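Remarks on the overall topology
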Amino acid sequence: MSTIMEISTDQDIAKVKALKKMKATALSLLGFAVLLFIIAIYFKIPMLQAFSEAAMVGGIADWFAVVALFRHPLGIPIWHTAIIPTKKNEIGENLGNFVSEEFLDREKLEIKLDEFNFATKASDWLSQKESADKIANVVSLNIIPGILKAIKDEDIKRFIQVQFKEKLEGINFGDWVALALEPLQKGNVKNELLTNLLEVMSSELTNNKDLIRKKVKASTPLLSFGLADKSITEGVFNGLQDFLNEAKNPESAVRVKIDQYVYDFLEKIKNSEEMRIKINNMILSFAGKKEVQDYINGIWDEIKLSITNDLEKGDDSSIKNSISNLIQTFGNGIKEDAVMIDKINNFIKNDALSVLLNNKKVIGDLISSTVKSWDGKEVSEKLELEIGKDLQYIRINGTLVGGLIGLVIYGVEQLYHFVF
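The rules behind the values
Residues numbered from 1 in each chain as written. Predicted model: local features only at pLDDT ≥ 70, side-chain atom pairs only at ≥ 80, totals over all residues. Heavy atoms only, no water. Helix = DSSP H or I, 4+ residues; strand = E, 2+ residues; numbered from the N terminus. Rg over C-alpha atoms; globule rule 2.2 N^0.38 Å. Contact = heavy atoms within 4.5 Å. Areas by Shrake-Rupley, 256 points an atom, 1.4 Å probe, with all protein chains shown as cover. Lys, Arg positive; Asp, Glu negative; His and termini not counted. Charge placed at Lys NZ, Arg CZ, Asp CG, Glu CD. Core = buried A, V, L, I, M, F, W, Y, C linked by side-chain atoms within 4.5 Å. Buried < 20%, exposed > 50% of the residue type's maximum accessible area, 1.4 Å probe, protein only. 1 Å grid on protein atoms, 1.4 Å probe; cavity = no way out; pocket = protein on both sides within 12 Å on 5 of 7 lines; lining within 4 Å. Points joined across faces, edges and corners; volume = space filled by probe spheres on them. Nonpolar A, V, L, I, M, F, W, Y, C, P; charged D, E, K, R; others polar. Axes fitted to C-alpha atoms, helices over the stretch in contact; angles between N-to-C directions. Left-handed = near helix turned anticlockwise from the far one by under 90°. Expected span 1.5 Å × (residues − 1). Arc of directions from axis to C-beta. Salt bridge = Lys/Arg side-chain N within 4 Å of Asp/Glu carboxyl O.

Re the overall build of the protein
For the protein, the count of helices and strands is 19 helices and zero strands. Here the C-alpha radius of gyration of the protein, 46 Å, is well above what a compact globule of 420 residues would show, namely 22 Å. Along the three orthogonal principal directions, the C-alpha set of the protein runs to about 160 × 55 × 35 Å. Across the protein, the fraction of contacts at a sequence separation of at least 24, relative to all contacts at a separation of at least 6, is 73%. When the accessible surface of the protein is summed, it comes to about 28,100 Å², and 64% of that surface belongs to carbon and sulfur atoms. Once the 51 positive and 58 negative side-chain charges of the protein are each reduced to a mean point, those two points are 4 Å apart.

See the structure below:
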């Protein structure tokens, strides 16, 4: 069983010191009363004797009462002592019943919620930079790194791959290609594109004339001693140039054939289901290649590394600052929206409160079972640490008030003897 009494923090150490100090003060006052009693007996001082006797009785009685809450006085198992550790279960049940029956009361809670105006206070708090930074710090320093450590890289990569594949399979690339190429059949777009393409081909042919010559030379017989190279090269070059120049003319037979081929191809893409399936399969097979899969896997590694590196920047983290700005914007947005404030307050007052009240017995049972699960001695020590210092004032007051009452009784007794 985990202990709830661990005096390890500076705050707990300070509480222990304060408790010991108050116990010593109360004990010293009782000791002083004993000393006064001895003096009164020795010097025969009736008034002082009456004061000291009553003070000792009051001090000892209240010491017994305070100690009896937490343990058996002097370790003697006197009846109805060590109340907290022995009655822990009953205290837990009573506490649970009190919270569920008295605290979780709809009428009382509705009044408090109306007075509190949760939405306004929450929006005011969220809109402050200091508050937003606190939340952003918790998210960026604890929640996000915790999530990154908790999730498995393999699961994320598998998830990305599955999603990527499903999204690709859900896209009809044939329709996309047909839609993208449709403008080519309208107006002068197709003619301009073909003309530009032919111009580029003609220019590249001219720029690579030497390369053509080398290719021709490598293909001619050695016995020609290079005599045919030049004429063949010129023939090939001039033939290709003539073909491209003729194709540039929109009215030429070559251009008409090219136009018809392009038109037929576009029509086939638009109307042929078989062609669309081929386009889809081609793209999907490309997406399934190892290089593409490796790239997809690397996406998560890059994202994770970028997040980690950014969070390590502390106050300069763009993620943290973005979260903070988002929280402030959210808070300001609510604060300036009266309708939203009413909705939030009504939600808390009606829906959230109903859920809370419908489960108030569960809450009471949870409190009761939690208290019952604690170790009685540890509960007693914890409570004494928290409230024991204040309870020592009962002992001090008992000693002083007892002494004063003793004086009053002595005075009444002397007055009686004087009168009668």
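Notes on the nonpolar core
The biggest cluster of nonpolar side chains holds 11 residues, and these are Leu126, Ala132, Ala136, Val139, Ile144, Leu148, Trp300, Ile307, Leu311, Ile323 and Ile327. Every element with two or more residues in this core is listed here: α7 (129-150), α15 (290-311) and α16 (318-335). One finds Leu198, Leu244, Ala247 and Val254 within the second-largest nonpolar core, a separate group that totals seven residues.

Considering the layout of surface pockets
Size it by volume and the largest pocket reaches roughly 150 Å³. Lining the largest pocket are 10 residues, and of these Ile91, Val371, Trp374, Val379 and Leu383 lie nearest its centre. When residues of the lining of the largest pocket are traced back to their parent elements, those giving at least two are α4 (88-103) and α19 (376-419). In terms of residue class, the lining of the largest pocket is built from eight nonpolar, no polar and two charged.

As for the packing of helix α6 (residues 118-127) against α16
Running from amino to carboxyl end, α6 crosses α16 at an angle of 145°, the nearest separation of the two axes being 7 Å. In this structure, α6 crosses over α16, and the sense of that crossing is left-handed. Between α6 and α16, the residues in contact are Ala119, Ser123, Asp124, Leu126 and Ser127 and Ile327, Gln328, Phe330, Gly331, Asn332, Ile334 and Lys335, respectively. For the contact of α6 with α16, the class distribution of residues is five nonpolar, five polar and two charged.

Brief notes about the side chain of serine 123
Assignment of secondary structure puts serine 123 in helix α6. The class of serine 123 is buried, set by a relative accessible area of 1%. Other than its neighbours up to four places away in sequence, serine 123 contacts Gly331, Ile334 and Lys335.

Some words on helix α13 (residues 253-271)
Because an α-helix packs 3.6 residues into every turn, residues spaced three or four apart end up facing the same way. For α13, spanning 19 residues, the distance from its first C-alpha to its last is 27 Å, which sits close to the expected 27 Å at 1.5 Å a residue. Here α13 has its buried residues at Val254, Arg255, Asp259, Val262, Leu266 and Ile269. The buried residues of α13 occupy an angular sector of 135° when the element is viewed end-on, so they sit on one face. Residues Ala253, Lys257, Tyr261 and Asn271 are exposed on α13 and point more than 90 degrees away from its buried face.

What about α6?
Here α6 has its buried residues at Ala119, Ser123, Leu126 and Ser127. Along the axis of α6, the buried residues cluster in a sector spanning 95°; they form a single face.

Points about the pattern of salt bridges
By the definition in use, this model includes 13 salt bridges. Between lysine 320 and aspartate 315 there is a salt bridge whose closest N-O contact spans 2.9 Å. Taking the relative accessible area as the measure of exposure, aspartate 315 reaches 58% and is therefore exposed. Overlapping salt bridges, with partners in common, bring together Lys15, Lys382 and Glu386 in one network.

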